[in-house]
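# Commentary on secondary and tertiary structure
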Protein chains: 2
Amino acid sequence: MQQGILTNPADVQQVMLTDPLPSWNDSGVKQAILQFVAAVTTAGGPDYVPPAERIATFDNDGTLWCEQPLYIQLAFALDRVGALAPQHPEWRTTQPFQAVLEHDRQALAAAGLKGLAEIVAATHAGMTTDEFYAIVKAWLASAKHPHFDQPYTGLAYVPMVELLSYLRANGFKTYIVSGGGIEFVRAVSEPLYGIPPEQVIGSSEKTQYALQEGVPVLMRLPELDFFDDKDGKPVAIQKFIGRRPIAAFGNSDGDQQMLQWTAAGAGRRLMLLVDHTDAAREFNYRVSPMGRLDQALTEAGQRGWLVVDMAADWNRIFAFE
Amino acid sequence: MQQGILTNPADVQQVMLTDPLPSWNDSGVKQAILQFVAAVTTAGGPDYVPPAERIATFDNDGTLWCEQPLYIQLAFALDRVGALAPQHPEWRTTQPFQAVLEHDRQALAAAGLKGLAEIVAATHAGMTTDEFYAIVKAWLASAKHPHFDQPYTGLAYVPMVELLSYLRANGFKTYIVSGGGIEFVRAVSEPLYGIPPEQVIGSSEKTQYALQEGVPVLMRLPELDFFDDKDGKPVAIQKFIGRRPIAAFGNSDGDQQMLQWTAAGAGRRLMLLVDHTDAAREFNYRVSPMGRLDQALTEAGQRGWLVVDMAADWNRIFAFE
């Protein structure tokens, strides 16, 4: 992809035809990605990395798909409260459930993290892993994003999907390392991103092995097992993968430690943050209830990590555009 | 491998030359393995399984390598107590360390699981993950098994290594699911078994992300994170892989739940237990300080799981023979 040396128009056309990142404008960020991949895959070159060590880790919410106005998993949880309400008449007068049922954002916000944990426990536990997966799949098949009026499965960022494919075509193993629930993300990772379940890392609920009338099941318990955010991301990467990534992609301070951990390995590295700057096509935010991009952006500036300016760097965001 | 239909001597010879499991005697167990693999890989056949779902999980100690007279990781821990003793003069008069230093098996046994946890904490924590890996590698390069007088890395079971290769050649993804420490096993999984670190699941210590003079490290803490045995194995398989295995291999009651979980999936399955019956070439035991093969063997008999009789089914056990 050494576009600088192409002077023959036919060569230029060939490159254009085979551009692996067509939704990326020809900016410095795109060039840096192409150069990084060329460097680590050039056998005999100073930056060559064997395929087995080409590990790339991606945050999910806000990095691979839309996280506004709510994390998609949170929208699922709120919808589940509505669906389960007939079996829980007490929720009509019990917070935080009453707030959800009455669409009372103020009361919901007042319930805070403790309220959120109660909602997650009520909607994500008390069933087997197989049952939960089926519930998530059914919801994804019918629910729509309130702003875009599209299925949530249509809200993957096309440029990032291209990037995932491009990395895999160059021998990378692509992982999701999400603060979201590991089983929730697995319900979309293969169809949306081409990432199999064993390459999804995320937050988890405790599960318990049990025999139900002789049939083994894994029951989801209403208890947090692991929160895969901030410091938790490098901890989980080491536990699940046992190798340090050579490339890492995020969009918030929750990804800062993952990028630090990636950057600190020997050899050439790629660290990238997605900055949500496009109010017209998506959202423009750095601070929201869904987290903030602040310290990680400062560190990116100091250390030369790449920052995607969505409005400027991406000529397309969603497939439905 | 349909040996039954081979009547031409040249064909028989060809099969013999290409036998993927040469260290396995031509017993019912070997035939059942070959038939299972043929069935799940025959496109269009009733038992066909797509490659992505060909997940095989293997216990490590006693299934892939020798676990007698001590778990190899326990031998490592005891050696580390000796190596660290000069920095801990108090260990000369403090149990369980005194017992280790004086080779007092009775006092060590009396210290029980609590004593073992203290030894693990003292030898497996207080360093970074990278440092621990280097310590394990250095130990493996010099330590020898007391009975066989061979490096521990020479104690993999050749028939199981052949089986791993054979499964991978048929599109399987092979995982280790060990009660041993995940990082300890990763130090041997690639060179001994061809299994990369991201396909090793095991017990773990808690780790903590920290910046040491600006450099990110993962510190190993003296606290158990997860015990990957019995009920823990299906729990960990779901968490790490997110798919149910179609084949599972173990040697003790610690593997029973993994085999149950594997057996309970839809479609054709393979469950196998290694029974240590060879006092001449290895060890003959079902009950030992390293666990027991009792209830799992009963269930194997009831449900038709395969049982390897090491003395009868394997014509070779170790590479050094």
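A quick note: this is a predicted structure, and the numbers were derived from the prediction, not measured.

A few words on helix α3 (residues 72–84) of chain A. An α-helical segment advances 3.6 residues per turn. Residues three or four places apart therefore align on the same side. Helix length check: α3(A) (13 residues) gives 18 Å between terminal C-alpha atoms against 18 Å at 1.5 Å per residue, within 8%. Packing partners of the buried residues in α3(A) comprise α4 (97–101), α5 (105–124), α6 (129–142), β2 (173–181) and α8 (182–193) of chain A.

Moving on, we get to the packing of helix α3 (residues 72–84) of chain B against helix α6 (residues 129–142) of chain B. All names here are of chain B. Viewed as axis vectors pointing N to C, α3 and α6 meet at an angle of 100°, and their least axial separation amounts to 11 Å. By the angle between their directions, the pair α3 and α6 is classed as roughly perpendicular. Taken together, the residues of α6 that come into contact with α3 (itself represented by Ile72, Ala75, Phe76, Asp79 and Arg80) are Phe132, Ile135, Val136 and Trp139. In the contact of α3 with α6, the residues fall into 7 nonpolar, no polar and 2 charged.

A word on the interface of chain B and chain A. On the side of chain A, 34 residues touch chain B, which itself brings 34 residues to the contact. Looking at the side of chain B facing chain A, the largest losses of area belong to B:Glu198, B:Tyr209 and B:Lys239, adding up to 24% of the total buried there. Residue B:Arg243 is joined to A:Glu198 by a salt bridge in which the shortest nitrogen-to-oxygen separation is 2.9 Å. Breaking the side of chain B that touches chain A down by element, the ones donating at least two residues are α6, β2 (173–181), α8 (182–193), β3 (200–212), β4 (215–226), α9 (232–240) and α10 (256–263) of chain B. Among the elements that line the side of chain B that touches chain A, the one with the most residues is α9(B), at 5 residues. Looking at the side of chain B that touches chain A, its residues break down into 15 nonpolar, 8 polar and 11 charged.

With that settled, the discussion passes to the confidence of the model for chain A. Residue and element names in this part refer to chain A. Chain-level pLDDT for chain A is 94 on average; 95% of the residues reach the 70-or-more range. Of the regions scoring below 50 in pLDDT, residues 1–6 engages in 10 contacts with residues more than four places distant in sequence or in other chains. Scoring of the predicted complex yields 0.94 for pTM and 0.93 for ipTM.

Below, the discussion takes up unusual backbone geometry. That bond from A:Gln68 to A:Pro69 is cis: its omega, 0°, falls within 30 degrees of zero. You can see A:Pro69 is positioned in the loop between β1 (55–58) and α3. In this structure, the amide linkage connecting B:Gln95 to the following residue, B:Pro96, adopts the cis form with an omega of 5°. The residue B:Pro96 is located in the loop between α3 and α4 (97–101) in this model. Even without a glycine there, the phi angle at A:Asp149 is positive, about 55°. Phi angles above zero are rare outside glycine, and B:Lys230 is one such case at about 50°. Summarising the element assignment, B:Lys230 is placed in the loop between β4 and α9. We classify B:Lys230 as partly exposed; its relative accessible area is 39%.

Right, let's get into the packing of aromatic side chains. The full count for this structure, using the stated rule, is 31 aromatic pairs over all chains. Between A:Phe240 and B:Phe240 the ring centres are 4.3 Å apart and the planes differ by 15°, which places this aromatic pair in the stacked class. You can see A:Phe240 sitting in helix α9 (residues 232–240) and its partner B:Phe240 sitting in helix α9, one on each of two chains. This pair shows no difference in class: A:Phe240 is buried, exactly as B:Phe240 is. Here the aromatic rings of B:Phe148 and B:Phe283 are separated by 5.8 Å at their centres, their planes lie at 75°, and the arrangement is edge-to-face. Taken as a pair, B:Phe148 in the loop between α6 and α7 (158–169) and B:Phe283 in the loop between β6 (270–277) and β7 (284–285) lie far apart in primary sequence, 135 residues in all. Members of the aromatic cluster, joined through ring pairs, are A:Trp24, A:Phe148, A:Tyr157, A:Phe283, A:Trp314, A:Phe318 and A:Phe320.

What follows covers the relation of the copies chain B and chain A. Of the transformation superimposing chain B on chain A, the axial component is 0.0 Å and the angular component is 180°, with the fit at an RMSD of 0.0 Å. In the structure described here, the two chain copies are related by an operation that fits a two-fold rotation axis. When each C-alpha of chain B is compared by its distance to the rotation axis, B:Phe240 comes out closest, at 3.3 Å. Of the residues that chain B buries at the interface, 100% are likewise interface residues in chain A, meaning the two copies contact each other through the same surface.

Let us look at the pairing of β2(A). Residue and element names in this part refer to chain A. With 7 of 9 residues buried, β2 lies mostly within the body of the structure. Taken together, the 3 bridges between β2 and strand β3 (residues 200–212) define a ladder with parallel strand orientation. In the strand pairing of β3, Gly181 is matched with Ser203.

Bringing the pattern of salt bridges into the picture now. Any two side chains of opposite charge can pair, so long as their charged atoms come close to each other. Within this structure, the stated rule accounts for 32 salt bridges over all chains. Of the charged contacts in the structure, one is a salt bridge between B:Arg186 and B:Glu183, with a shortest N-O distance of 3.4 Å. Placement of both B:Arg186 and B:Glu183 in helix α8 is noted, with a separation of 3 residues, approximately one turn of the helix. Judged by relative accessible area, B:Arg186 falls into the buried class, the value being 4%. Here B:Glu183 falls in the buried class, since its relative accessible area comes to 11%. Each of A:Lys173, A:Arg243, B:Glu190 and B:Glu198 takes part in one network of salt bridges that share partners.

Residue and element names in this part refer to chain A. With respect to the element layout, Met258 can be found in helix α10 (residues 256–263). On the basis of relative accessibility, which here comes to 0%, the residue Met258 falls in the buried class. Residues Met258 and Lys230, spaced 28 residues apart in sequence, show a C-alpha to C-alpha distance of 7.2 Å. Not counting chain neighbours up to four residues away, the residues in contact with Met258 comprise Thr57, Phe58, Asp59, Val177, Lys233, Pro234, Ile237, Ala248 and Phe249.

Procedures and definitions
Residues numbered from 1 in each chain as written. Chains lettered and ligands numbered in written order. Predicted model: local features only at pLDDT ≥ 70, side-chain atom pairs only at ≥ 80, totals over all residues. Heavy atoms only, no water. Helix = DSSP H or I, 4+ residues; strand = E, 2+ residues; numbered from the N terminus. Expected span 1.5 Å × (residues − 1). Contact = heavy atoms within 4.5 Å. Axes fitted to C-alpha atoms, helices over the stretch in contact; angles between N-to-C directions. Parallel < 35°, antiparallel > 145°, perpendicular 65-115°, else oblique. Nonpolar A, V, L, I, M, F, W, Y, C, P; charged D, E, K, R; others polar. Buried area = accessible area lost by both parts, 1.4 Å probe. Salt bridge = Lys/Arg side-chain N within 4 Å of Asp/Glu carboxyl O. pLDDT = per-residue confidence, 0-100. Buried < 20%, exposed > 50% of the residue type's maximum accessible area, 1.4 Å probe, protein only. Phe/Tyr/Trp six-rings, centres within 6.5 Å; stacked < 30°, edge-to-face > 60°. Least-squares fit on C-alpha atoms with pLDDT ≥ 70 in both. Pairing = 2+ DSSP bridges.

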